[in-house]
Amino acid sequence: MFDNAPLELEDLIDQCRALAYAMVELDHPEAKDILTFILSERLDSLYRAFHLTSEERDYY
């Protein structure tokens, strides 16, 4: 089931770890490319969430 709620920092970290692990373990090049793209999006989200100001955190 899809949950559109904002992710907590810990959730983003867990997703990044899982994606990185899957990329190392997989042998399929196309799957690795897709996971690399998803990981880059998650890392960007993690970076933005980490650097939110306190006012922005209160808004979300």
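Provided above is the structure to which this section pertains.
Residues numbered from 1 in each chain as written. Predicted model: local features only at pLDDT ≥ 70, side-chain atom pairs only at ≥ 80, totals over all residues. Heavy atoms only, no water.

Asks: Teacher, can you tell me more about the environment of Leu9 here?
Replies: Among the secondary structure elements, Leu9 is positioned in helix 1 (residues 9–25). Through-space distance from the C-alpha of Leu9 to that of Ser45 is 9.2 Å; in sequence the pair is 36 residues apart. Apart from the residues lying within four places of it in its own chain, the contact partners of Leu9 are Leu46, Ala49 and Phe50. (Helix = DSSP H or I, 4+ residues; strand = E, 2+ residues; numbered from the N terminus. Contact = heavy atoms within 4.5 Å.)

Asks: Looking at this structure, how should I read helix 1?
Replies: At 3.6 residues per turn, the α-helix brings residues three or four places apart onto the same side. A rise of 1.5 Å per residue sets the reference length of helix 1, with its 17 residues, at 24 Å; its end C-alpha atoms lie 25 Å apart and thus fit the reference within 8%. For helix 1, the full list of buried residues reads Leu12, Cys16, Leu19 and Met23. Angularly, the buried residues of helix 1 cover 65 degrees about the axis, an arc narrow enough to put them on a single face. Exposed side chains of helix 1 directed beyond 90 degrees from the buried face belong to Glu10, Arg17, Tyr21 and Val24. For helix 1, the elements touching its buried residues are helix 2 (29–50). (Expected span 1.5 Å × (residues − 1). Buried < 20%, exposed > 50% of the residue type's maximum accessible area, 1.4 Å probe, protein only. Arc of directions from axis to C-beta.)

Asks: Can you walk me through the pattern of salt bridges in this structure?
Replies: Should their charged atoms come close, side chains of opposite charge can pair. Here the structure, examined in full by the defined rule, presents one salt bridge. In this structure, Asp44 and Arg48 form a salt bridge, with 3.0 Å as the shortest nitrogen-oxygen distance. Residue Asp44 and its partner Arg48 are located together in helix 2, separated by four residues, close to a single helical turn. A relative accessible area of 38% places Asp44 in the partly exposed class. (Salt bridge = Lys/Arg side-chain N within 4 Å of Asp/Glu carboxyl O.)

Asks: What is the right way to read the packing of helix 1 against helix 2 from this model?
Replies: Packed helices, taken two at a time, are described by the angle between their axes plus the distance between the axes. Taken N-terminus to C-terminus, the directions of helix 1 and helix 2 make an angle of 155 degrees; their axes are 9 Å apart at the nearest point. As far as their axial angle goes, helix 2 and helix 1 are roughly antiparallel. Crossing of helix 1 against helix 2: the hand is left-handed. Counted together, Leu9, Leu12, Ile13, Gln15, Cys16, Leu19, Ala20, Ala22, Met23 and Val24 of helix 1 and Lys32, Leu35, Thr36, Ile38, Leu39, Arg42, Leu43, Ser45, Leu46, Ala49 and Phe50 of helix 2 form the full contact between these two elements. Partitioning the contact of helix 1 with helix 2 into residue classes produces 16 nonpolar, three polar and two charged. (Axes fitted to C-alpha atoms, helices over the stretch in contact; angles between N-to-C directions. Parallel < 35°, antiparallel > 145°, perpendicular 65-115°, else oblique. Left-handed = near helix turned anticlockwise from the far one by under 90°. Nonpolar A, V, L, I, M, F, W, Y, C, P; charged D, E, K, R; others polar.)

Nothing here speaks to function; it is all geometry.
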